[in-house]
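# Geometric and topological summary
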Amino acid sequence: MTQLALLLPFALPQKELARDLLRELKMPAFATLLARGNLIEQQISDGFSRALPHENWLAQQFGMATDSNSSPSVAVNAMSTFGLQADAGVWFILQPVHLHIARDHLVLTDPQQLQLSEQDARGLFDTVQPLFEESGRTLLYGDARTWFLRADDLQALHTSTPDAACGHNIDIWMPKGANERDWRRLQNEVQMHWHGHAINDAREAIGLKPVNSVWLWGGTSTTQTSSPHKIEETFTLAGAQHLFASSTAKQIPANSVTDLIAAKPQQGLLVLDSLIAPAMAGDWSEWLGRLQAMETEWFAPLLEAIKNSQLDQLSITLSHNTALSTITIQKSSLRKFWRKPSLARLVP
């Protein structure tokens, strides 16, 4: 059987805006898929969570440990996707970030807005790597946005994903638990070394935000055992990379439904993440444009693929910062003519 899981983070609009936003969308194929499919999962939470719903969902698909009190344990898996060897111990993802001041507190800026080049990232990395070595911790470079820190003494810390924390007062999102003061002290040293750094001065001179801190999350012990993952193949759009992907999954570039069909996935996953940035920035005009573009690029061809039996099952998982829904569609689902095409399921 050919099955495809499609993940659309932040495809669910905020409830108070949903009616006005959905009125602007003209998406008959997407509306048909949503209305005639079966709703198999729905999560709605008003509680505090250190990871977004789609992040926990992704981690679970790849057999990674999730905990409501901390970010998913993704660091070791992410290291392997960069070809890095994780020596025995506890590893974290460490991301260079920008913190800005809002009245009386600090706010984490969306890391996607940082526009950090490899050259600048390498320079900043080289500046602070000795600090970590002096503290008995190992810092490795993955790419401009993704570094890895071995810090066995920080294993008990409860951390938050940057996407969950960004845009908020960072106080409650910062790492909490045993040895949190040790981490804060090291983080402060990093901030001091980067303050007034030539790279940051050059960035500010051309209107870019300075890189003034680091964000720790995704802690994983190499002794942790992963449960069997559900995904055999991961399809990535050009330029997209997902830290939650498993290195054991076969990753295939896919820029169209034709590419997906040609790959004949037994259990495939495609993540369309272009809605995250505008939703988190509250740019709903951009959000509408990007979602509308998916109608002709993805939803209409996927609907045809189901009709033509090229795809046996499609599951669509939609989310925002507090909710997640999954709808499955098969060819038999399309016979439910009494279910009129509708986008109503975008409001959980």
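Since this is a predicted model, take the numbers as computed values, not measurements.

## Observations regarding the overall build of the protein chain
- Within the protein chain, the regular secondary structure consists of 11 helices and 13 strands.
- Taken against the 2.2 N^0.38 rule, which gives 20 Å for 348 residues, the C-alpha radius of gyration of the protein chain at 21 Å falls within 12% of a compact globule.
- Taking the principal axes of the C-alpha coordinates as reference, the protein chain spans close to 65 × 45 × 35 Å.
- Relative to its 348 residues, the protein chain shows a buried fraction of 51%.

## Considering the nonpolar core
- Ranked by internal contacts, the top residues of the largest apolar core, which has 81 residues, are L8, F30, F299, L314 and L318.
- If you tally residues by element for this core, the top one is helix 11 (residues 284-307), at 11 residues.
- One finds L131, L154, L157 and V214 within the second-largest nonpolar core, a separate group that totals 27 residues.

## Some points on the pattern of salt bridges
- Evaluated as defined, the whole model comprises 6 salt bridges.
- A salt bridge links D182 to R185, with the nearest nitrogen and oxygen atoms 3.0 Å apart. One end of the pair is D182 and the other is R185, both in helix 7 (residues 180-194) and 3 residues apart, which spans about a single turn.
- Overall, the relative accessible area of 30% leaves D182 in the partly exposed class.

## Some details on unusual backbone geometry
- Positioned with a positive phi, Q115 is a non-glycine residue whose angle comes to about 50°.
- Looking at where Q115 falls in the secondary structure, it is placed in the loop between strand 5 (105-108) and helix 5 (118-134).

## Digging into the sheet that holds strand 3 (residues 90-97)
- Pairing is antiparallel in the open sheet, where 4 strands are placed in the order 6-7-3-8. Every interior strand has two partners, whereas the edge strands, strand 6 (138-143) and strand 8 (213-221), have only one. Between one strand axis and the next, the sheet turns through 25° on average, direction left out of account.
- With 4 bridges connecting them, strand 3 and strand 7 (residues 146-150) associate as antiparallel partners. Across the sheet, the residue bridging to F92 is L149, located in strand 7.
- Here helix 5 sits on the sheet in contact with strand 3, strand 6 and strand 7, set at roughly 170° to strand 6.
- Where helix 7 meets the sheet, its contacts fall on strand 3, strand 7 and strand 8, and the angle it forms with strand 8 comes to roughly 140°.

## Here's the deal with the packing of helix 2 (residues 28-36) against helix 11
- Relative to each other, helix 2 and helix 11 sit at 55°, their axes nearing to 7 Å. The angle between helix 2 and helix 11 places the two elements in the oblique class. When you trace helix 2 past helix 11, the crossing you get is left-handed. Along the contact surface, helix 2 presents P28, A29, F30, T32 and L33, while helix 11 presents L291, E295, F299, A300, L303 and I306.
- For the contact of helix 2 with helix 11, a count of residues per class yields 9 nonpolar, 1 polar and 1 charged.

## A look at the environment of D120
- Checked against the element boundaries, D120 lands in helix 5.
- Put simply, D120 and V74 are 46 residues apart on the chain and 25 Å apart in space, counted from C-alpha to C-alpha.
- Contacts of D120, omitting those with residues within four sequence positions, involve I199 and R203.

## Some remarks on the packing of aromatic side chains
- Scanning the model with the defined rule gives 9 aromatic pairs in all.
- With centroids separated by 5.7 Å and ring planes inclined at 65°, the aromatic side chains of F82 and F148 adopt a geometry described as edge-to-face. In this pair, F82 is assigned in the loop between helix 4 (75-81) and strand 3 and F148 in strand 7, connecting sequence segments 66 residues apart.
- Measuring from ring centre to ring centre gives 5.6 Å for W284 and W287, while their planes differ by 70°; the resulting arrangement is edge-to-face. Of the two residues, W284 and W287 are both situated in helix 11; the distance of 3 residues between them amounts to about one turn of the helix.
- Judged by relative accessible area, which is 18%, W284 ranks as buried.
- Among the aromatic residues, ring-to-ring pairing joins F125, Y141, W147 and W194 into one connected group.

Conventions and cut-offs
- Residues numbered from 1 in each chain as written.
- Predicted model: local features only at pLDDT ≥ 70, side-chain atom pairs only at ≥ 80, totals over all residues.
- Heavy atoms only, no water.
- Helix = DSSP H or I, 4+ residues; strand = E, 2+ residues; numbered from the N terminus.
- Rg over C-alpha atoms; globule rule 2.2 N^0.38 Å.
- Buried < 20%, exposed > 50% of the residue type's maximum accessible area, 1.4 Å probe, protein only.
- Core = buried A, V, L, I, M, F, W, Y, C linked by side-chain atoms within 4.5 Å.
- Salt bridge = Lys/Arg side-chain N within 4 Å of Asp/Glu carboxyl O.
- Pairing = 2+ DSSP bridges.
- Axes fitted to C-alpha atoms, helices over the stretch in contact; angles between N-to-C directions.
- Contact = heavy atoms within 4.5 Å.
- Parallel < 35°, antiparallel > 145°, perpendicular 65-115°, else oblique.
- Left-handed = near helix turned anticlockwise from the far one by under 90°.
- Nonpolar A, V, L, I, M, F, W, Y, C, P; charged D, E, K, R; others polar.
- Phe/Tyr/Trp six-rings, centres within 6.5 Å; stacked < 30°, edge-to-face > 60°.

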